[in-house]
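Topology and contacts: notes
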Amino acid sequence: MGTDTKKPDIKEQFSELFHNNLSTLNDGLPDFINTFRESALENFRKLGIPTKKVEQYKYTDFSNVFSKEYRHYLQPKSIDFNLEDIFKCDVPELNTQVILLLNGWYSKSNKPLYHFEGGAIVGSLREAAKQHPDIVKKHYNQYAHWQENTFTALNTAFAQDGVFFYVPKNVTLEVPVQIINLLMDEEDGMAQHRNLFVMEENSEARMVICDHTLSQKNFLTNSVTEIFVDQTARLDIARVQNEHNGSTQLSNMYVHQEKDSNVTTNTMSLHGGLIRNDYNILLNGEGCNNDTVGLYLTDRGQHIDSYVHMDHAKPNCTSNQL
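Since this is a predicted model, take the numbers as computed values, not measurements.

1. Some remarks on helix H7 (residues 150-158)
- The buried count for H7 comes to nine of nine residues, which makes it a mostly enclosed element.
- If you check which residues of H7 are buried, you get Thr150, Phe151, Thr152, Ala153, Leu154, Asn155, Thr156, Ala157 and Phe158.
- Among the residues of H7, the N-terminal cap falls to Asn149, whose side-chain oxygen and the backbone nitrogen of Phe151 are separated by 3.0 Å.

2. Quick notes on the environment of Asn103
- Within the secondary structure layout, Asn103 lies in the loop between strand S2 (97-102) and strand S3 (105-106).
- Separated by 80 residues in the primary sequence, Asn103 and Leu183 place their C-alpha atoms 4.9 Å from one another.
- Ignoring any residue separated from it by four or fewer positions in sequence, one finds Asn103 in contact with Tyr73, Lys77, Leu182, Leu183, Met184 and Ala191.

3. Some points on the pattern of salt bridges
- Throughout the structure, instances matching the rule amount to eleven salt bridges.
- Between Glu55 and Lys58 there is a salt bridge whose closest N-O contact spans 3.0 Å.
- When its relative accessible area of 33% is taken as the criterion, Lys58 is described as partly exposed.

4. Here's the deal with helix H4 (residues 37-47)
- Within the sequence span of H4, burial applies to Arg37, Ala40, Leu41, Asn43 and Phe44. For H4, the buried positions fall inside an angular range of 160° around the axis, keeping them on one side.
- Looking at the buried residues of H4, the elements they touch are helix H1 (10-20), helix H2 (22-26), helix H3 (31-34) and H7.
- Looking at the residues trailing H4, positive phi occurs at Gly48, about 70°.

5. Details of the packing of aromatic side chains
- Considering all chains together, one arrives at 13 aromatic pairs under this definition.
- When the ring of Phe14 is compared with that of Phe66, the centres are 6.3 Å apart and the planes differ by 70°; the resulting orientation is edge-to-face. Of this pair, Phe14 sits in helix H1 while Phe66 sits in the loop between H4 and strand S1 (71-72), and the two are 52 residues apart along the sequence.
- With relative accessibility at 6%, the residue Phe66 sits in the buried group.
- Centroid distance Phe165 to Phe197: 6.0 Å. Interplanar angle 90°. Geometry classified as edge-to-face. Linking Phe165 in strand S6 (residues 163-167) with Phe197 in strand S9 (residues 194-199), this pair joins segments that are 32 residues apart in sequence.
- What makes Phe165 buried here is its relative accessible area of 0%.
- Residue Phe197 is classed as buried on the basis of its relative accessible area, which comes to 1%.
- Counting every residue linked through ring pairs, the aromatic cluster contains Phe14, Phe18, Phe44, Tyr57, Phe62, Phe66, Phe151 and Phe158.

6. Digging into the side chain of Arg126
- Along the polypeptide, Arg126 turns up in helix H5 (residues 125-131).
- Within the buried set, Arg126 has no salt-bridge partner at all; the shortest N-O distance to an opposite charge, 5.0 Å, is to Asp161.
- A polar atom in the side chain of Arg126 sits 2.8 Å from the backbone oxygen of Asp27.
- One polar contact links the side chain of Arg126 to the main-chain carbonyl oxygen of Gln160, over a distance of 3.0 Å.
- Here Arg126 is in contact with Asp27, Gly28, Leu29, Trp105, Gln160 and Asp161, once residues within four sequence places are set aside.

7. Some points on the environment of Leu41
- Structurally, Leu41 is set in helix H4.
- In this structure, the C-alpha to C-alpha distance between Leu41 and Leu214, residues 173 residues apart in sequence, is 31 Å.
- Not counting residues up to four positions away in its chain, the partners in contact with Leu41 are Phe14, Ser15, Phe18, His19 and Ala157.

8. Some details on the sheet that holds S2
- Strand order in the open sheet made by the eight strands is S3-S2-S7-S10-S12-S14-S16-S18, with mixed pairing throughout. Each edge of the open sheet carries a strand with a single partner, namely S3 and strand S18 (318-321).
- Where strand S10 (residues 204-213) and strand S12 (residues 234-242) come together, nine bridges link them in parallel fashion. What sits directly across from His212, in S12, is Asn242.

9. As for the pairing of S10
- Among the ten residues that make up S10, eight are buried, leaving the element largely enclosed by the rest of the structure.
- Where strand S7 (residues 177-183) and S10 come together, seven bridges link them in parallel fashion. Directly across from Gln178, in S10, lies its bridge partner Val208.

10. Considerations on the environment of Trp146
- Relative to the helices and strands, Trp146 is located in the loop between helix H6 (133-139) and H7.
- On the basis of relative accessible area, Trp146 is assigned to the buried category, the value being 10%.
- Considered as a pair, Trp146 and Phe158 are twelve residues apart in the sequence and their alpha carbons are 12 Å apart.
- Apart from the residues within four sequence positions on either side, Trp146 is in contact with Phe36, Ser39, Ala40, Asn43, Asn141, Thr152, Ala153 and Thr156.

11. Digging into unusual backbone geometry
- One non-glycine residue, Asn170, lies in positive phi territory at about 65°.
- Inspection of the secondary structure puts Asn170 in the loop between S6 and S7.
- One non-glycine residue with positive phi stands out, namely Asn202, at about 60°.
- As for its position among the elements, Asn202 is in the loop between S9 and S10.

How each quantity is defined
- Residues numbered from 1 in each chain as written.
- Predicted model: local features only at pLDDT ≥ 70, side-chain atom pairs only at ≥ 80, totals over all residues.
- Heavy atoms only, no water.
- Buried < 20%, exposed > 50% of the residue type's maximum accessible area, 1.4 Å probe, protein only.
- Helix = DSSP H or I, 4+ residues; strand = E, 2+ residues; numbered from the N terminus.
- Polar contact = N/O pair within 3.5 Å; in protein donor to acceptor, adjacent residues only side chain to side chain.
- Contact = heavy atoms within 4.5 Å.
- Salt bridge = Lys/Arg side-chain N within 4 Å of Asp/Glu carboxyl O.
- Arc of directions from axis to C-beta.
- Phe/Tyr/Trp six-rings, centres within 6.5 Å; stacked < 30°, edge-to-face > 60°.
- Lys, Arg positive; Asp, Glu negative; His and termini not counted.
- Pairing = 2+ DSSP bridges.

So, in structure tokens, the structure goes:
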């Protein structure tokens, strides 16, 4: 008489992973981050992995992605890097403040937090939660739709680290920040990093984000980025997605803009097996301007799916998509 070797479904697998590692997930993080985990997991269990029958995902099939066995990066992987040896988005002599994430964790090759003249800060989200809890607590998980979006709920349940970026009132950060997301391992892996960018009133900054794979394994990234841009502030983001055919990238970006703010995101998807970019923009004050644009270059079996939800919550705002 044979035994039943049927694998548990995806929701049960993540639920088991969560409960078996809850103390690890919570370790070193304050209650205002950990308190969302249980509810987020329950929302993920209710929503499940979307099929093509769901209108929002009708062009993308996730079944093969989640059928693979992944190492889950619940602790940082120790690899020594020399930042000078790492590419800079393939742009020679690009003058930026470089921040490195390895498998979703803020790399120890960086300073824990960089403090700029004028009060701007960039660094590890978990370190910022310790050193600047007032800022992180005010904004963390306030803009992401973790109650409705299954991948955002999953990230909220498992998030431990990522990039924190803060520019105070009336400050212009002259040097762009460059975030390099690297994936590297000897086996297939899944990363779930969480980013929080806060632009206070009348501040200005530029950012470059690069996604790259350094080893030929199957990788799954499920990231969430929350962005708050206060009135008359300006943020320009250029992103280069350049991973290999064995990678899947689920990128969930939530932008909250206040009166007369200006946000531009330009995403260049050069390479990747499956890329799903979700942009959720809330224009929450009169006079907001948002430009969400992108360029994709695909070949062979690559698949890129971009979804934009633009909410003109207040009158006299302008948005452009291309």
